[in-house]
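Observations on chain architecture
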Amino acid sequence: EAALEAEKEAEKIMFVLAEKDPEKYEVALAETYQKLAAITWRCDRHEEAVDCIRKAVGIRTSLTDRRPETFLPELRESHRVLATYLHHLGRHDEAVESERIAEAEEEITEEGVWDDSNFRFASPYGRLIQLVDARSSPGYASRQPILMLA
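Summarised in this report is the structure supplied together with it. (Residues numbered from 1 in each chain as written. Predicted model: local features only at pLDDT ≥ 70, side-chain atom pairs only at ≥ 80, totals over all residues. Heavy atoms only, no water.)

Right, let's get into the environment of L29. Mapping L29 onto the fold places it in helix 2 (residues 22–42). Judged by its relative accessible area of 5%, L29 is buried. Separated by 27 residues in sequence, L29 and A56 have C-alpha atoms that sit 7.7 Å apart. Beyond its immediate stretch of four places on either side in the chain, L29 contacts E11, M14, F15, A18 and I59. (Helix = DSSP H or I, 4+ residues; strand = E, 2+ residues; numbered from the N terminus. Buried < 20%, exposed > 50% of the residue type's maximum accessible area, 1.4 Å probe, protein only. Contact = heavy atoms within 4.5 Å.)

Have a look at this one:
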């Protein structure tokens, strides 16, 4: 809980700084929301964690629109974290959508803006899409992936 309070305080400070100088502080604000999401998740405040990671996704989407070659990896990571959280909450349709967005971003190549060869985050949840898409078939419940959060 002390870590949560400290990160919430950091979020307040970064939010004020990002409002005054977005170019300088938006990246740090997105990172703060991502950290806050992880901490709130570990404190069993799952909906609050989803809200925080959605804020990180929103900021990183804006940053990626301006400089995709720089911010696309972080945006993909945030989408995958969001997908994981949503999956654990049983919100499979939303989880699949977030994972699909992350996978679509992964497919962007030099012809677009970004080459995947240096991406530092690999999601073990890619199979989530296939399993959730098959949920109407018999035995779906027994085939749901079990995802672990650190």
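From this point, the discussion proceeds with the structure in view.
Residue placement: E1 occurs in the segment before helix 1 (2–20). Separated by 38 residues in the primary sequence, E1 and I39 place their C-alpha atoms 8.6 Å from one another.

Right, let's talk about the pattern of salt bridges for a bit. Under the definition given, this model contains nine salt bridges. R91 is paired through a salt bridge with E47; the nearest N and O atoms lie 2.9 Å apart. Note that R91 is positioned in the loop between helix 4 (68–88) and helix 5 (92–106) and E47 in helix 3 (residues 46–66), a separation of 44 residues in sequence. Note on R91: relative accessible area 24%, which makes it partly exposed. Across the pair E94 and R54 runs a salt bridge whose closest N-O atoms are separated by 2.7 Å. One end of the pair, E94, is in helix 5; the other, R54, is in helix 3, and 40 residues separate them in sequence. Within this structure, E1, K8, R45 and E48 form a network of salt bridges that share partners. (Salt bridge = Lys/Arg side-chain N within 4 Å of Asp/Glu carboxyl O.)

Everything listed is a geometric property; what it means functionally is a separate question.
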